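Chain residues, written in single-letter form:
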Amino acid sequence: AWRKHSAHGFENKDEFEKEAVRHIETTLARSLFNCDELAAYSGTALAFRDRLVIDWNRTQQRQTFADQKRVYYLSLEFLMGRTLDNAMLNVGLKDAAKDGLTDLGFRIEDIISQEHDAALGNGGLGRLAACFLDSMATLNYPAWGYGLRYRYGIFKQEIMDGYQVEIPDYWLDFNPWEFPRHDITVDIQFYGYVRKYQDDDGKSHAVWEGGEIVDAVAYDVPIPGYKTGTTNNLRLWSSKASRGEFDFQKFNSGEYESSVADQQRAETISAVLYPNDNLERGKELRLKQQSFWCSASIYDIVRRFKKSKRSWSEFTDQVAIQLNDTHPTLAIVELQRVLVDIEGLDWEDAWKIVTGTFSYTNHTVLPEALEKWSVPLIQNLLPRHLQIIYEINLQFLQMVERRFPQDREMLRRVSIIEESQPKMVRMAYLAIVGSHKVNGVAELHSDLIKTTIFKDFVTIYGPDKFTNVTNGVTPRRWLNQANPRLSEIIKAKLGGDEFLSDLNLLNQLENFVDDKAFRKEWAEIKYANKVRLAQFIMAQTGVSVNPKVMFDIQVKRIHEYKRQQLNIFGVIHRYLTIKNMTPEERKTYYPKVSIFGGKSAPGYWMAKNIIHLVNSVAQVVNNDKDVGNLLKVVFIEDYNVSKAEMLFPAADISQHISCAGMEASGTSQIKGVLNAGLLIGTCDGANIEVAREIGEDNIFLFGTLAEDVEDLRHAHSYSQHSIDGDLLKVFDAINSGIFGDRNSFSAIVSAVADHGDYYLVSDDFNSYIKTQALIDEAYKNQEDWITKCITSVARMGFFTSDRCIQEYAESIWNIEPLPPASKA
Ligand code: 26W
């Protein structure tokens, strides 16, 4: 009923089949006789794409006519994963497709898995952006995403001899979900110089001249909401040699190669996603990416506003722009430049518009991740922007000086320009000064930014400028799509699927914790999901795992602060424990499968080392006759969104064990609990709020508190701290060489034992091991375990990204939904 308004396209199995076959035969020019799974995927995707396009056009028209405020979500990363399954579920015709594909001789799961992940992101920040797009469309907000159309997404990870190897991820061979808009092309300027002059009235002007021009071409991706006609737009920019600049002179005079070289240089800008997560390296090409994308997006937003013929004073009634971390901070400078240099507004009027438009989300407190760009680099690439940054800083510092006339130190500390050699632009400070709201992504994190890295700015602006929006995930992908069977039994119990759009309704599940039949189905579903994962592990690694034993999963980017090293030390401790047992004792010990997955940044030596250690431990443990099925260790190659959709439904327990205060939020713990797994975690990020919501009895928390971290680190730095007990045995085992590669592994040990243990692994090891023992014991009591799981799922309503978007909309963007007229 909710999509009756779409006049075209299919509504049932037979019409779906007709459409899919038509696309296979005409669009793809393939005969049905040699229709393989890839062709069937393509035909299915194209049939669904037609459906999306109709709703998409309607939505865009409606938004244009309604002429109300829109939000633009600027993110350098959108980690979308696969689209077909999501499109089928959101449009509500998955069953028609399933039956249609069966008629054609295919299993829908096989067809879905033909699709290449759209992996335009590193980890949490990019996946959050993707969840937010889903929620904004589902809640009918007029919202656009703006990003870059990388030719290569995050690299594919292969494990060779236990080492990570990076393979390029060329993903655009067949991408039915994007629409090139060759008519929407923006000239983007780089380099050059600034000419200043005074007009006849004595007003001074700046003109940015010379340099080179690169074209930004728009590619649009439809974002369907769940059970609504609203289909929003994600606009990704691709770089191309400028039509004006492409050197026909050279081309004609035979300098073919250098002419093509120019073209390739232009295309390099959007060629590849930087694979660093939480590490900033100050590369010029990255700055070019940021400014290319910010300029194109601001141009597009301003052009759309100008079509409405409103006065500039109404800009903030029409436009809100959210900065996903500091990566798009140049958009602040670019909007100020457009308003002052091109549209001729006074500085103060323009600045009021700018600060009323932007808001900034901080995703990390790690110092090495806070962006700083060198002044000479910006001077060369963006000479006018640098002047504007200096002017913004001057005005800001004058304001601070008026308010705190005694405090010279304050001026030095908060200056947007760091007086180093070379001088650096502190992008987070620029983002704060240019925004009206700044938010963190979990309560602890939002408190930490107010009391540490942005403390002075709270003094200057007052506390109201800073707020918290705790992260969430979309239950459409992370429950309904990832775990269809669990979703089905919840629908059956709650009498419908409303919980997928109103996740708090899950709390009714608590009424069924004692329902025997329900509990049985619940357990069967977890088991079936584990069987599926066991089959996958066998096919991928040749390791046989028993789906009847506990599956313990840690999947996320590999980073020392996330402490996969703590996990593998725990696994080694377990291995040593088993080795020391008599065969009799082993019979009553707790069997378990330890599953790891995640990519390391290609240049992060220590993280790669940790991957190697995990794989080496796996080799030894999995082939040790004494151990048998008591312990298996698995590293899942190339962890990505679609693998996450398989892994979380199969987890009995998942690990979120970052050093306290360092994981801004984390979002995978939400995926773990929502899929009926329990958590072991530190008091960090959103773990704390998960514990508050589901109850302390339903989560295994351990370890140091964020408030104690500084003192502990300090203690390590002056007293050579000695490692003893269980951790020492683990280190001795590693250093003995039983896992091979003694030399590189010794660096992992040394970081803890000799180099200050920055991530407090030794401080938390004992409580970690104790907590793991509690989990072993708890898992033995399956009845209690299932009660905990059902209760936890029932209490996860808060962590839907729909709630996040509502909070952003109401307290930061000030925008209203625009539902389709015929929403049933
Ligand atoms: C400039 C290099 C760089 C690249 C990426 C610096 C920082 C980043 C991201 C901000 C890292 C990131 O993904 N942060 C994660 O954001 C998630 C969504 O809010 C949080 O859940 C994670 O805790 C946080 O690590």
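Since this is a predicted model, take the numbers as computed values, not measurements. (Residues numbered from 1 in each chain as written. Predicted model: local features only at pLDDT ≥ 70, side-chain atom pairs only at ≥ 80, totals over all residues.)

1. What to know about the domain arrangement of the chain
Alright, step 1. Under the domain assignment, the chain is made up of domain 1 (1–66 + 83–116), domain 2 (67–82 + 117–470 + 807–813) and domain 3 (489–799).
Alright, step 2. One C-alpha centre belongs to domain 2, the other to domain 3, and the line joining them spans 36 Å.
Alright, step 3. At the junction of the two partners, domain 2 supplies 39 residues and domain 3 supplies 33 residues.
Alright, step 4. Every element with two or more residues in the side of domain 2 that touches domain 3 is listed here: β2 (78–81), α6 (124–138), β5 (156–160), β6 (163–167) and α17 (443–451).
Alright, step 5. When its residues are assigned to classes, the side of domain 2 that touches domain 3 shows 15 nonpolar, 15 polar and nine charged. (Domains from an automatic or database assignment. Contact = placed C-beta atoms within 7 Å. Helix = DSSP H or I, 4+ residues; strand = E, 2+ residues; numbered from the N terminus. Nonpolar A, V, L, I, M, F, W, Y, C, P; charged D, E, K, R; others polar.)

2. As for the UniProt feature "modified residue: N6-(pyridoxal phosphate)lysine" (unreviewed entry) in the chain
Alright, step 1. UniProt records the feature "modified residue: N6-(pyridoxal phosphate)lysine" (unreviewed entry) at Lys-671, using the numbering of this structure.
Alright, step 2. Mapped onto the fold, Lys-671 is located in helix α26 (residues 668–674).
Alright, step 3. The class for Lys-671 is buried, based on 26 C-beta atoms found within 10 Å.
Alright, step 4. Those residues in contact with Lys-671, other than ones at most four positions away along the chain, are Val-473, Trp-478, Ala-644 and Phe-648. (UniProt positions renumbered as here; feature names shortened; annotations may be inferred. Buried ≥ 20, exposed ≤ 12 C-beta atoms within 10 Å, placed from the backbone.)

3. Here's the deal with the packing of helix α29 (residues 725–736) against helix α30 (residues 742–753)
Packed helix pairs are specified by the crossing angle of their axes together with the interaxial distance, meaning the distance between the axes.
Alright, step 1. As a packed pair, α29 and α30 sit with axes 8 Å apart at the nearest point and diverge in direction by 155°. Considering the angle they form, α29 stands roughly antiparallel to α30. Between α29 and α30 lies a crossing of left-handed hand. Between α29, through Phe-731, Ile-734 and Asn-735, and α30, the contact on the second element is made entirely by Arg-742, Phe-745, Ser-746, Val-749 and Ala-753.
Alright, step 2. For the contact of α29 with α30, the class distribution of residues is five nonpolar, two polar and one charged. (Axes fitted to C-alpha atoms, helices over the stretch in contact; angles between N-to-C directions. Parallel < 35°, antiparallel > 145°, perpendicular 65-115°, else oblique. Left-handed = near helix turned anticlockwise from the far one by under 90°.)

4. Here we look at the sheet that holds strand β16 (residues 424–426)
Alright, step 1. Across the sheet, three strands lie side by side as β14-β16-β15; this open sheet has antiparallel pairing. Each of the sheet's edge strands pairs with one partner strand only, and the pair in question is β14 (372–374) and β15 (417–418).
Alright, step 2. Strand direction decides the pairing type here: β15 and β16, joined by two bridges, are antiparallel. For Glu-418, the partnering residue across the bridge sits in β16 and is Met-424. (Pairing = 2+ DSSP bridges.)

5. Concerning the site of the ligand
Alright, step 1. Looking at the ligand, there are 23 residues lining it, with Gly-124, Leu-125, Glu-280, His-363 and Ser-665 nearest.
Alright, step 2. In the shell around the ligand, the residues fall into six nonpolar, 12 polar and five charged.
Alright, step 3. Both of domain 2 (67–82 + 117–470 + 807–813) and domain 3 (489–799) provide at least three residues apiece to the shell around the ligand. (Near = placed C-beta within 6 Å.)

6. Side note on unusual backbone geometry
Negative phi is the rule for most residues except glycine; trans is the rule for most peptide bonds.
Alright, step 1. Cis geometry is found at the peptide bond from Gln-421 to Pro-422, where omega equals -5°.
Alright, step 2. Secondary-structure assignment places Pro-422 in the loop between β15 and β16.
Alright, step 3. The phi angle at Asp-67 is positive, at roughly 60°, despite the residue not being glycine.
Alright, step 4. With respect to the element layout, Asp-67 can be found in the loop between α2 (37–66) and β1 (70–74).

7. Looking at the pairing of strand β19 (residues 550–555)
Alright, step 1. Burial analysis of β19 places six of its six residues in the buried class, which makes it a mostly covered element.
Alright, step 2. The alternating pattern of β19 places Met-550, Asp-552 and Gln-554 and Phe-551, Ile-553 and Val-555 on opposite faces, both of which are buried.
Alright, step 3. In this sheet, strand β20 (residues 592–597) lies alongside β19 in parallel orientation, the contact comprising six bridges. Across the sheet, the residue bridging to Phe-551 is Val-593, located in β20.
Alright, step 4. Strand direction decides the pairing type here: β19 and strand β22 (residues 653–656), joined by two bridges, are parallel. Among the inter-strand pairings, Ile-553 is bridged to a residue of β22, identified as Ser-654.

8. Examining the nonpolar core
Alright, step 1. By size, the foremost hydrophobic cluster in this structure holds 201 residues, and its most contacted members are Val-617 and Val-793.
Alright, step 2. Among the elements that line this core, the one with the most residues is α6, at nine residues.
Alright, step 3. Each of domain 2 (67–82 + 117–470 + 807–813) and domain 3 (489–799) contributes no fewer than three residues to this core.
Alright, step 4. Once you skip the residues sitting within four places of it in the chain, Val-617 turns out to touch Ile-568, Val-571, Ile-572, Val-633 and Phe-739.
Alright, step 5. Counting residues in hydrophobic clusters, the runner-up holds 25 residues, among them Phe-10, Ala-20, Phe-48 and Ala-87. (Core = buried A, V, L, I, M, F, W, Y, C linked by C-beta atoms within 7 Å.)

9. Remarks on the confidence of the model for the chain
Should pLDDT be low for a region, the predicted coordinates there are not to be read in detail.
Alright, step 1. On average, the chain scores 96 in pLDDT, and the residues at 70 or more come to 97%.
Alright, step 2. Predicted as a complex, the structure gets a pTM of 0.97 and an ipTM equal to 0.97. (pLDDT = per-residue confidence, 0-100.)

10. Focus on the sheet that holds strand β18 (residues 466–468)
Alright, step 1. Taking strand neighbours across the sheet as the criterion, the nine strands line up as β7-β10-β11-β4-β1-β12-β13-β17-β18 in an open arrangement whose pairing is mixed. Looking at which strands have only one partner, the edges of the open sheet turn out to be β7 (179–190) and β18. Along the sheet, successive strands turn relative to each other by an average axial angle of 25°, direction set aside.
Alright, step 2. Strand direction decides the pairing type here: β1 and strand β12 (residues 319–324), joined by five bridges, are parallel. Across the sheet, the residue bridging to Leu-74 is Leu-323, located in β12.
Alright, step 3. Each of β10 (212–224) and β11 (231–241) is contacted by helix α8 (residues 256–268), which is oriented at about 150° to β11, the strand it contacts most.

11. Focus: α6
Alright, step 1. In this model α6 runs 21 Å from its N-terminal to its C-terminal C-alpha over 15 residues, within 8% of the 21 Å that 1.5 Å per residue would give.
Alright, step 2. Taking burial as the measure, the 15 residues of α6 include 15 buried ones, the bulk of the element.
Alright, step 3. Just past α6, the residue Asn-140 takes up positive phi, approximately 65°. (Expected span 1.5 Å × (residues − 1).)

12. Thoughts on the environment of Leu-84
Alright, step 1. Examined against the element boundaries, Leu-84 turns out to sit in helix α3 (residues 84–91).
Alright, step 2. Ignoring sequence-local partners within four residues, the contact set of Leu-84 consists of Thr-44, Ala-45, Phe-48, Ile-112 and Glu-115.

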